[in-house]
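Structural features, examined
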Amino acid sequence: MLEIVDLVHRFSARVAVDGLSAEVGAGEIVGLVGRNGAGKTTTMRAVMGILRPSGGEVRWEGHVVGPDDWLRFGYMPEERGLYPQMPILDQISYFGRLHGLDPLAATSAGREWLGRLGLEGREEDRVVALSHGNQQRVQLAVALVHGPELLVLDEPFSGLDPTAVDALSDTLRVEAGRGTAVLFSSHQLELVERLCDRVIILEEGRMLASGTLPDLRAHLPRLLRVNVNGPSGWSATLIGASVVREDADGVLLRLDPSADPQVILQAALAAGPVEHFGFEDVGLADVYRELSSR
Amino acid sequence: MTRIPTTRLVMQREITERLQSRLFWVMTLLTALGVIAIIVIPALVRKSVQPTTVGLVGSSAQALGHALRRSAAESRVKIRTVDVASPAVARSEVRDGTLHVALTVGAHTAAAEVKDTLSPTLTALLQATVDEAHLRQTLAEAGVPRSTVRTALTPVPFATVALEPLPPNRAARSVAALAAGVLLYISLGIYGAAVANGVAQEKTSRTAEVLLAAVRPRQLLIGKVAGIGIVGLGQLAIAIVGGLIANAVVHRAEISSTVWLLLPMMLVWFLLGFALYAFACAAGGATVARQEEVQFVILPITLPLVAGFLLTYAAIASPSAWWLRVLSFVPPFTPILMPVRIALGHVSAWEIALAVLIMLASIYGVARLAARIYSGAIVRGGARLSLRAALRLQHE
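Residues numbered from 1 in each chain as written. Chains lettered and ligands numbered in written order. Predicted model: local features only at pLDDT ≥ 70, side-chain atom pairs only at ≥ 80, totals over all residues.

Now for the domain arrangement of chain B. Taken domain by domain, chain B holds domain 1 (10-44 + 169-393) and domain 2 (52-153). Computed from C-alpha atoms alone, the centre-to-centre distance between domain 1 of chain B and domain 2 of chain B is 55 Å. (Domains from an automatic or database assignment.)

Attention shifts here to helix α6 (residues 162-177) of chain A. All names here are of chain A. Here α6 is 16 residues long and its end C-alpha atoms lie 22 Å apart, about the 22 Å a rise of 1.5 Å per residue gives. Buried within α6 are the following residues: Leu168, Leu172, Glu175 and Ala176. Mapping the buried residues of α6 onto a view down its axis gives an arc of 100°, with all of them on the same face. Opposite the packed face of α6, turned more than 90 degrees from it, sit the exposed residues Pro162, Thr163, Asp166, Asp170, Val174 and Gly177. (Helix = DSSP H or I, 4+ residues; strand = E, 2+ residues; numbered from the N terminus. Expected span 1.5 Å × (residues − 1). Buried ≥ 20, exposed ≤ 12 C-beta atoms within 10 Å, placed from the backbone. Arc of directions from axis to C-beta.)

Often, the extent of an interface is quoted as the loss of accessible area on bringing the components together. On the side of chain B, 17 residues touch chain A, which itself brings 22 residues to the contact. Those elements that place two or more of their residues in the side of chain A that touches chain B are α2 (67-70), β6 (73-76) and α3 (88-98) of chain A. For the side of chain A that touches chain B, the element with the most residues is α3(A), which contributes 3 residues. (Contact = placed C-beta atoms within 7 Å.)

Residues and elements named next belong to chain B. Spatially, β2-β1-β3-β4 is the arrangement adopted by the 4 strands of the open sheet, whose pairing is mixed. Each end of this open sheet is capped by a strand with a single partner; those strands are β2 (79-84) and β4 (110-114). Pairwise comparison of adjacent strand axes, ignoring direction, gives a mean angle of 25° for this sheet. Inspection of the sheet shows strand β3 (residues 101-105) paired to β4 by 5 bridges, in the antiparallel sense. Paired with Thr104 across the bridge in β4 is Ala111. Those strands touched by helix α4 (residues 65-74) are β1 (52-57) and β2, and its axis lies near 170° from that of β2. (Pairing = 2+ DSSP bridges. Axes fitted to C-alpha atoms, helices over the stretch in contact; angles between N-to-C directions.)

Attention shifts here to the nonpolar core. Membership of the largest hydrophobic core comes to 160 residues, with the highest contact counts inside it found for Val152(A), Ala180(B), Val195(B), Ala196(B), Ala278(B), Phe279(B) and Ala282(B). The element contributing the most residues to this core is helix α8 (residues 170-204) of chain B, with 19 residues. Ranked by size, the runner-up nonpolar core spans 19 residues in total, among them Val84(B), Ala112(B), Leu125(B) and Leu126(B). (Core = buried A, V, L, I, M, F, W, Y, C linked by C-beta atoms within 7 Å.)

As structure tokens, this is what we get:
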């Protein structure tokens, strides 16, 4: 299990991460969301030991992470980095060896990943000769070649076409199924929603919220849509509910936790025949928007 | 996994990458050819020195032929004498280059006609020969007995005693010193730049970020410097073997022991100099934001190298100058100046030991400083970093 405890990181005057605590368990896929500059990349680099945090600590299996742990982690940075002129199989097996594989194991794991990612037959190609999507695949193979126990992926889906997004999602699920802890960041909230067991929302270096999607929803005011075939204005005097907007599909109400939907239904029925009465689906995007606007 | 195999892996990758590049082999060939040229060309030039042809115009001058050739032989000046009938013929032959000098001797005057200039040695030789003939004739006319004249003209044994003699084989030593200076200058320059470029490439391609997830900055730095250093050492060794073979062929009888001793020692000086410059260049390479900035960043670092190379010529011209001696202990100059001085034969063992110690201490200091700068700067995005900013970033 990965534990991030009171992590703080400052760049000269700016505080990038400000007292973040979070966990990623074995076999769990955790998504890190937040706007640019929220501290996602800094958090991931601190986990990987690429920068030394100004405060707090990163723990793995109960102890503070060290060089031996980093060898068992796999990392895909936001800005991809590969040797442009090195053949891709050599490259993947080199990174495998840096993570402690012996030469034979590194080469066979490299071949296997190239096969799984649809790059068989291109082992001798140089990185510069590959398309952007294929370079991404090689970068993923570099992160996975040594069978890591923790995967840290910074924006792994950016720039991928829908097919590649599905392939990467499947790969992450398979890895998590093996017991790998997966921490990844993304701006594509619907993807995070589909793939993650838990979500951590960062804002200005602090954790805004964390939990499963139902957990997060539970903390939000519910949205109720009511369509009454009658004069409008019936909703203006409701207690514990405010109008978000009113349109052809009726009125959208934001409910306080204390509000009783039955009381609202009665008020609506009193105004005329009720054609629609139901809670709106709240996606991660809504949760994020709601939380970050507070 | 322990630290050493990781560093070795990084090193092996550097070596493989370079041995696979065609440029490396072209450079190796060119360096070896350059060394061979330095050794062969002076030998060819020396062999091609032709004797000076002196035309003796008229009977008075022709009478001096024997004495002139004898004096020339004593002074180790190569001349050939030719009798010429008339001044007009002599003049036209001087003009067309058949003759180098036309000597005319009158009753009380003598003249050497040349196309443009006459070397001081030959001028003195001609003057002395003419003077001696004049003296001999004057004394004979005054009735001085021939035996007295002969005694008077016998040279008094004259010895020049050098209190601080130059080492023997000065010419061979100068060639060796120049070869050492050129080779070390080129090798240190090329491989220092290779380190800076390699570091900058890993930084600007963001490969460093992926590497540093598995490798500590220090391991990456040391592995890279060691890998490139070994390649440079191999290239230099190939050039040296080429030089040794050329030397054996050209100088056959006089394969100078100086050269034999100097060449293997150059590998040691290369290693010391490379370590010093490579760590500094690595730190420089880590501060750039774009690959094109590397040249600019390493310019101040490699400037002492250029100075050291230029000082090689000063050392060859005046091997015992005190200021050169002092400079050869100043670390950035030592890797070039010290072997040059050793080649010229003016260095005692304690000086070499002291220079090596100073170098080792400087390498340690520079490497530590470089590791700090490198660790902070290598994963830092954005614009090129100043030295001070890079030092503040260090995180290890």
